[in-house]
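Listed below, chain by chain, are the residues.
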Amino acid sequence: MKLQRLISNQLSMATRRSAMLGTLPQRSYYMQQKQTFYSQDLKVLEPQNPLKEKPGADHTYTFGSLTTDYMLECDYDNKNGGWQPPVIKQIEDFELDPANASLQYSIECFEGAKAYISKEDPDKAIIFRIDKNYERMNSSHRQLGFPQFNVHEMVECTKKLLDIERDWIPNRPLHSMYIRPTSICMENKLGVNNIQKMKTFVVLSPVGPYYPRGFVPVKLFCFSDIVRAWPQGFGDKKVGGNYAPTLKVGRLGNQKHGCDQALWLLHDYVTEVGTMNLFVFWKNEKGEKELITPPLDGTILPGITRASIIELSKELGEFKVSEAPFKIQEVIKAVKEDRLYEIFGTGTAALISPVCQFKFNETVYPVPIEEEFGAGKLAQRMLSKITDLQYGVVKRPDW
């Protein structure tokens, strides 16, 4: 009987405690260990300084040179309940301790997405597949030991930021709003430890077309002396450590070989080109028309544009589409046997970047393009299909 009374009393206390917690204000709700933040708790703070002057109608936008007035900020503090309520506020500088872990150990990651003004409804902005960007960002978070967030909640918060900055989105052909989410560690001590504090933030940058005068095909230098990434590694994560060490190689290819981008090889297997995914369109050795791109094995980034090209190409049903390993020697053989149709890179910034030649072991190999357009026919078709989706000419609710 005593045991039953004790259990009954504990249950009654637990019920009263639950009822009390249900009446607590929002802040106490967040004092529990939050596994994500919620868009319903988003706060928009009044600006403390004058807003920026918006660009004129004839402004020439260069990539990344301009940011809007506001930013989205989502802080995580393990000792203060986990994720804090998200905030939209005027863009401001961060103050970082010299011992900050992001500065010391490059514990950070980022993403890149775009929003477009609908051609059918100029009052509507379309965000292209940003849920996939945030899924990929969570993958980077796991790699770095950052807490993850709910993708839907992050998308909703980003939509609110874009709503506020709607007038910053250029309503001009091939213009857009570049969206740059970033996560950094906010630990201010030397030494690598479990992460207790971090910050995820989003800034916006209005941009023009990557190629203002149409396609500009690039020249590639095949680089095999340094390995950029390896299978089952973390070359598939969008972390700073995958980018900074490659800059020297890019400069070397330009200075010594007159090339625009490095084509990264791993034991002669093709991986990525610069910061883009690579596609080769050829007639394979079986006599089949094939669009081939390297597989997702940890060496390359799972690009959103890459995935879109694969889906759209499969829907055409005109040729084989493969995610499979292939060596640079196979591409060279296709050039020599006149089986190579075209090569192009894909990414958020340029969307489609045609290749006109590549250099391997001091030999330059030409890649077919249509001189008038600066790209092959498939690259042109894919660009048209993707931009029609991005600007709302073609509807695709699942994207």
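Above this text sits the structure in question.
Please read these numbers as outputs of a predicted model, since none were measured by experiment. (Residues numbered from 1 in each chain as written. Predicted model: local features only at pLDDT ≥ 70, side-chain atom pairs only at ≥ 80, totals over all residues. Heavy atoms only, no water.)

Novice: Explain the overall build of the protein to me, using residue names and the numbers behind them.
Specialist: A tally of helices and strands in the protein yields nine helices and 18 strands. Based on the C-alpha atoms only, the size of the protein along its principal axes is roughly 90 × 50 × 45 Å. Looking at the protein residue by residue over its 399 residues, the buried ones come to 49%. Counting only contacts in the protein whose residues sit at least 6 apart along the sequence, the fraction spanning at least 24 positions is 72%. As presented, the protein carries roughly 20500 Å² of accessible surface, and 50% of it is formed by carbon and sulfur atoms. (Helix = DSSP H or I, 4+ residues; strand = E, 2+ residues; numbered from the N terminus. Buried < 20%, exposed > 50% of the residue type's maximum accessible area, 1.4 Å probe, protein only. Contact = heavy atoms within 4.5 Å. Areas by Shrake-Rupley, 256 points an atom, 1.4 Å probe, with all protein chains shown as cover.)

Novice: Residue-level account of the packing of aromatic side chains, with values.
Specialist: The full count for this structure, using the stated rule, is 18 aromatic pairs. For the pair Phe94 and Phe201, a centre-to-centre distance of 5.0 Å together with 75 degrees between the ring planes defines the contact as edge-to-face. Pair noted here: Phe94 is in the loop between β4 (87-90) and α3 (101-105) and Phe201 is in strand β9 (residues 197-207), with a separation of 107 residues, a long-range link. Look at Phe201 and you get buried, because its relative accessible area is 12%. Ring centres 5.0 Å apart and planes at 55 degrees place the aromatic pair Phe281 and Tyr341 in the tilted group. With Phe281 in strand β13 (residues 276-283) and Tyr341 in strand β16 (residues 340-347), this residue pair connects regions lying 60 residues apart in the sequence. Residue classification places Tyr341 among the partly exposed residues on the basis of a relative accessible area of 26%. Members of the aromatic cluster, joined through ring pairs, are Phe37, Tyr76, Trp83, Tyr134 and Phe149. (Phe/Tyr/Trp six-rings, centres within 6.5 Å; stacked < 30°, edge-to-face > 60°.)

Novice: Could you give me a rundown of the pattern of salt bridges, with the residues and numbers involved?
Specialist: Pairs may arise between side chains of opposite charge once their charged atoms sit close together. Inspection of the entire model under this criterion finds 21 salt bridges. In this structure, the salt-bridge partner of Glu111 is Arg136, at a minimum N-O distance of 2.6 Å. Highlighted residues: Glu111 in the loop between β5 (108-110) and β6 (113-117) and Arg136 in helix α4 (residues 130-144), separated in sequence by 25 residues. Take Glu111 and Arg136: they sit in the same class, and that class is buried. A salt bridge links Glu362 to Lys359, with the shortest nitrogen-to-oxygen separation between them at 3.9 Å. Judged by relative accessible area, Lys359 falls into the buried class, the value being 14%. One salt-bridge network, in which partners are shared between bridges, spans Glu73, Asp75, Lys89, Glu92 and Lys199. (Salt bridge = Lys/Arg side-chain N within 4 Å of Asp/Glu carboxyl O.)

Novice: Outline the layout of surface pockets, listing residues and values.
Specialist: Taken as a whole, the largest pocket spans an internal volume of roughly 550 Å³. Taken together, 27 residues make up the lining of the largest pocket; nearest its centre are Tyr178, Lys238, Thr275, Thr348 and Ala349. Taken together, the elements giving at least two residues each to the lining of the largest pocket come down to β8 (176-185), β13, α7 (304-316) and β16. Considering every element that reaches the lining of the largest pocket, the biggest residue donor is α7, with three residues. Of the residues in the lining of the largest pocket, the class split is 12 nonpolar, 10 polar and five charged. (1 Å grid on protein atoms, 1.4 Å probe; cavity = no way out; pocket = protein on both sides within 12 Å on 5 of 7 lines; lining within 4 Å. Points joined across faces, edges and corners; volume = space filled by probe spheres on them. Nonpolar A, V, L, I, M, F, W, Y, C, P; charged D, E, K, R; others polar.)

Novice: Could you give an account of the environment of Trp399, naming the residues involved and the relevant values?
Specialist: Counting through the fold element by element, Trp399 comes out in the segment after α9 (377-390). Judged by its relative accessible area of 14%, Trp399 is buried. For the pair Trp399 and Asp131, spaced 268 residues apart in sequence, the C-alpha separation works out to 8.9 Å. Filtering out sequence-adjacent residues up to four positions away, Trp399 remains in contact with Phe128, Arg129, Ser308, Glu311, Leu312 and Leu389.

Novice: How would you summarise the side chain of Thr271 if you had to cite specific residues and measurements?
Specialist: For Thr271, the position within the fold is in strand β12 (residues 269-273). Owing to a relative accessible area of 8%, Thr271 belongs among the buried residues under this scheme. Among the polar contacts listed, one links the side chain of Thr271 to the backbone oxygen of Trp264, at a separation of 2.7 Å. Discounting residues that sit within four places of it in the chain, Thr271 has contacts with Trp264, Leu265, Leu266, Leu278, Pro294, Thr299 and Ile300. (Polar contact = N/O pair within 3.5 Å; in protein donor to acceptor, adjacent residues only side chain to side chain.)

Novice: An account of the packing of α4 against helix α5 (residues 151-164) is requested, with residue identities and associated values reported.
Specialist: Relative orientation of the contacting elements α4 and α5 amounts to 125 degrees, with a least axis distance of 9 Å. Taken together, α4 and α5 sit at an angle that is classed as oblique. In this structure, α4 crosses over α5, and the sense of that crossing is right-handed. Residues Ile130, Asp131, Tyr134, Glu135 and Asn138 of α4 form the contact with α5, whose own contacting residues are Val151, Met154, Val155 and Thr158. Taken together, the residues that form the contact of α4 with α5 break down as five nonpolar, two polar and two charged. (Axes fitted to C-alpha atoms, helices over the stretch in contact; angles between N-to-C directions. Parallel < 35°, antiparallel > 145°, perpendicular 65-115°, else oblique. Left-handed = near helix turned anticlockwise from the far one by under 90°.)

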